[in-house]
Amino acid sequence: MRKVNVGILGCGVISNTYIRDMKRFYTSLHLAACADINVGLAKAHAEKYGIALSCSPEELLAMKEVELIVNLTPPGLHGELNRKILEAGKHVYCEKPFALTVEEAKEVMDLAKEKNLLIGSAPDTFLGSSLQTCRKLLDDGWIGTPLYATANMTSIGVETWHPAPENFYRKGAGPLYDMGPYYFTALAALLGPVESISAFCATGFSERTIYAGPHAGGQLSVETPTHYSGVARLLSGVIVSLNLSFDIWHSNLPNMEIYGTEGTLEIPDPNMSGGKPRIYRKERTLDPLYDDSIETREKKGVSVEVPELYPHIGDYTRGSGVFDLACAVVEGRRPRVNAEMACHVVEVITGMMESAETKKVYEMKTSCERPLPLTLGADGIITK
Ligand SMILES: NC(=O)c1ccc[n+]([C@@H]2O[C@H](COP(=O)([O-])OP(=O)(O)OC[C@H]3O[C@@H](n4cnc5c(N)ncnc54)[C@H](O)[C@@H]3O)[C@@H](O)[C@H]2O)c1
């Protein structure tokens, strides 16, 4: 594949992971320049990672040789900056959430269509070895027809590790915007789009103690609900129970499980790119009816670990989505990390919030297709 010139917009925490992994695994992405509103930070990044140019956001947008910009700025700026990137004639890959509202997401999608440019959005973890293996197991019928699923993001929030946790508890933030995209994208990529959703929400703590960073020992005020429990019905008929919470110290709920007519698929953390799925086939329950041996009885209730069927390039990685988008640009195809799925995920988030506020079931208006799976046996989308 020919090289695609990429610019990084926003040189904060997550840009380190992107730059590291794009340089390690996706060498046809040429990191041409990095920019930040804090130009000194962009300069330090360019020196640290051997990127030829560092500049202001305006200079990056004006750079003719840059074809694709990776938007790694804070969530509240995504819509506005994505529009500016498209207006400058460049393809855009945006960190999650793609937008804060469906209207904003659609506006950006329409502009991309008008300009004949492509959009990709995080999360790209569904392209990792773990979730692609789950997709293959589902498509090959290992658990039969999916009937139900559960997805649970249970945590005590970010104030035990993040240096600036306040933003996660402001209006328009919270667990749905921060972690929802991983779970909702994984569900869409594995099982297809949501048809309707209902939810309740709560705020477990109105004030929270900060345990890390420069404000450790201080308190922060909570302006957003920090716990959502909901139920979604997918277009396929699958019913999904959901919990997304910053209020839980510890839980034994699984990250994700899919329950099918023939068994259960246990899915590793969708925030990660690696992890081994587990399968429980119905035979493990039925075999003791035919063979009453100790060995057969001991297998009842015990799932089996499945090896990952795609390259495991690490657990916490980023860049496969940018690479998929660049391939789509070069090959003239639709990206797997496509805008319709990102827009649908934004509506799942806002739909859950609306349902919790109105106490009514929210009927989804957007939809998306399951993205094509990676090819088994190839090196996936990785080039070295
Ligand atoms: N930190 C993580 O672990 C993590 C993980 C996955 C996804 N994300 C997502 O990545 C995005 C960035 O998160 P982060 O943690 O790196 O944030 P951050 O605050 O560390 O970095 C954001 C950077 O954007 C810069 N910026 C602000 N306004 C700008 C503008 N107008 N133009 C150019 N640059 C501007 C800031 O100066 C800062 O350097 C968010 O959408 C977040 O949801 C973060």
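What you are looking at is a predicted structure, and each value in this text was computed from that prediction instead of being measured.

(A) The sheet that holds strand β6 (residues 119–121), seen in detail. Ordered in space as β3-β2-β1-β4-β5-β6, the 6 strands form an open sheet in which the pairing is parallel. Strands at the two margins of the open sheet, each flanked by one partner only, are β3 (53–55) and β6. Here the strands of the sheet are splayed against their neighbours by 25° on average, with no regard to which way each runs. Where strand β2 (residues 29–35) and β3 come together, 3 bridges link them in parallel fashion. Bridging across to β3, A35 finds its partner in C55.

(B) Expanded view of the pattern of salt bridges. Under the counting rule described, the total for this entry stands at 24 salt bridges. A salt bridge links E47 to K43; its shortest N-O distance comes to 3.3 Å. With E47 and K43 both in helix α2 (residues 39–49), this residue pair falls 4 residues apart, about one helical turn. The salt bridge involving R370 is made with D139; its shortest N-O contact spans 3.2 Å. On the criterion of sequence distance, the pair formed by R370 in the segment after β17 (362–363) and D139 in helix α6 (residues 129–139) is long-range, its members being 231 residues apart. We classify R370 as partly exposed; its relative accessible area is 33%. Residue class for D139 comes out partly exposed when judged on its relative accessible area of 40%.

(C) A look at the site of the ligand. Taken together, 21 residues form the shell around the ligand, and within it V13, I14, D36, H78 and K96 come nearest. Take D36: an N or O atom from its side chain is 2.6 Å from an oxygen atom of the ligand. Residue H78 places a side-chain N or O atom 3.2 Å away from an oxygen atom belonging to the ligand. In isolation the ligand exposes 820 Å². Once the protein is present, 79% of that is buried. Secondary-structure elements contributing two or more residues to the shell around the ligand are α1 (13–25) and α4 (78–87).

(D) Seen up close, the environment of D292. Relative to the helices and strands, D292 resides in the loop between α8 (283–290) and α9 (294–299). Polar side-chain contacts of D292 include one of 3.0 Å to the side chain of R297.

About the criteria used
Residues numbered from 1 in each chain as written. Predicted model: local features only at pLDDT ≥ 70, side-chain atom pairs only at ≥ 80, totals over all residues. Heavy atoms only, no water. Pairing = 2+ DSSP bridges. Helix = DSSP H or I, 4+ residues; strand = E, 2+ residues; numbered from the N terminus. Axes fitted to C-alpha atoms, helices over the stretch in contact; angles between N-to-C directions. Salt bridge = Lys/Arg side-chain N within 4 Å of Asp/Glu carboxyl O. Buried < 20%, exposed > 50% of the residue type's maximum accessible area, 1.4 Å probe, protein only. Near = heavy atom within 4 Å. Polar contact = N/O pair within 3.5 Å; in protein donor to acceptor, adjacent residues only side chain to side chain. Areas by Shrake-Rupley, 256 points an atom, 1.4 Å probe, with all protein chains shown as cover.

None of the figures reported here should be taken as evidence of function without further support.
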